[in-house]
Amino acid sequence: YNRKKMFITTKVYKTNLHYEDVIKSAKASIERMRIEYIDIYLIHSSNPEIPIQETMKALNQLVEIGLVKNIGVCNFSIEELKEAQKYSKCKIVVDQMKYSLWTKTPPDIKTMEYCQKNDIMITAYKVLGRGKINEEKIQLIIDLAKKYEKTEAQVMINWVISKKNTVALFASKNIF
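Conventions adopted
Residues numbered from 1 in each chain as written. Predicted model: local features only at pLDDT ≥ 70, side-chain atom pairs only at ≥ 80, totals over all residues. Heavy atoms only, no water. 1 Å grid on protein atoms, 1.4 Å probe; cavity = no way out; pocket = protein on both sides within 12 Å on 5 of 7 lines; lining within 4 Å. Points joined across faces, edges and corners; volume = space filled by probe spheres on them. Helix = DSSP H or I, 4+ residues; strand = E, 2+ residues; numbered from the N terminus. Nonpolar A, V, L, I, M, F, W, Y, C, P; charged D, E, K, R; others polar. Salt bridge = Lys/Arg side-chain N within 4 Å of Asp/Glu carboxyl O. Buried < 20%, exposed > 50% of the residue type's maximum accessible area, 1.4 Å probe, protein only.

1. What to know about the layout of surface pockets
The space that makes up the second largest pocket amounts to roughly 200 Å³. Lining of the second largest pocket is provided by Leu101, Leu140, Ile141, Leu144, Tyr148, Lys150, Gln154, Val155, Asn158 and Trp159. Among the secondary structure elements, those contributing two or more residues to the lining of the second largest pocket are helix 6 (139-148) and helix 7 (152-161). Of the residues contributing to the lining of the second largest pocket, the split by class is seven nonpolar, two polar and one charged.

2. Focus on the pattern of salt bridges
Per the stated rule, a full pass over the model turns up four salt bridges. The shortest N-O distance in the salt bridge between lysine 89 and glutamate 64 comes to 3.0 Å. In this pair, lysine 89 sits in the loop between helix 3 (78-86) and strand 4 (92-98) while glutamate 64 sits in helix 2 (residues 52-64), placing the two residues 25 residues apart along the sequence. Each of the two residues, lysine 89 as well as glutamate 64, counts as exposed. A salt bridge links glutamate 83 to lysine 86, with the nearest nitrogen and oxygen atoms 3.1 Å apart. You can see glutamate 83 and its partner lysine 86 sitting in helix 3, three residues apart, about one turn around the helix. For glutamate 83, a relative accessible area of 29% puts it in the partly exposed group.

Any functional reading would require information beyond the geometric quantities listed.
Written as structure tokens, this is what we have:
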């Protein structure tokens, strides 16, 4: 394979956010995938028991030594993003967040707006509601799909990616 044509993102789990654990986890991921570097290394979720300053110090080090090209976070609020940014020498390039019509809690619009204003990409996940698109129909989506001669999944994905600096992350067992 041509590594330069691949873009690899992986995460460090919230229990591994101490300095040495972040470094060890990144190196283990690199070894496991048999690659030289990670394109984006994400903090899987915040952990109030581990100081973000310690985690960011490790991420900065990984970028400095070339094992990681970019850093990001998952499900960070505006306050958590600002706190992480205080201790980061590197730009936080992405916040991966749940963005679906089927979630019990609505998407965090304020954090999305903060990311958009600060040029932080949003990677939306659970866009298709983990199969709920086939189980819990939304009349508006059905109507739009018919109107534009698209599938409901295509309408949902387009709805997400039409937002500034937003990409959709989803899985599907079906062609849509």
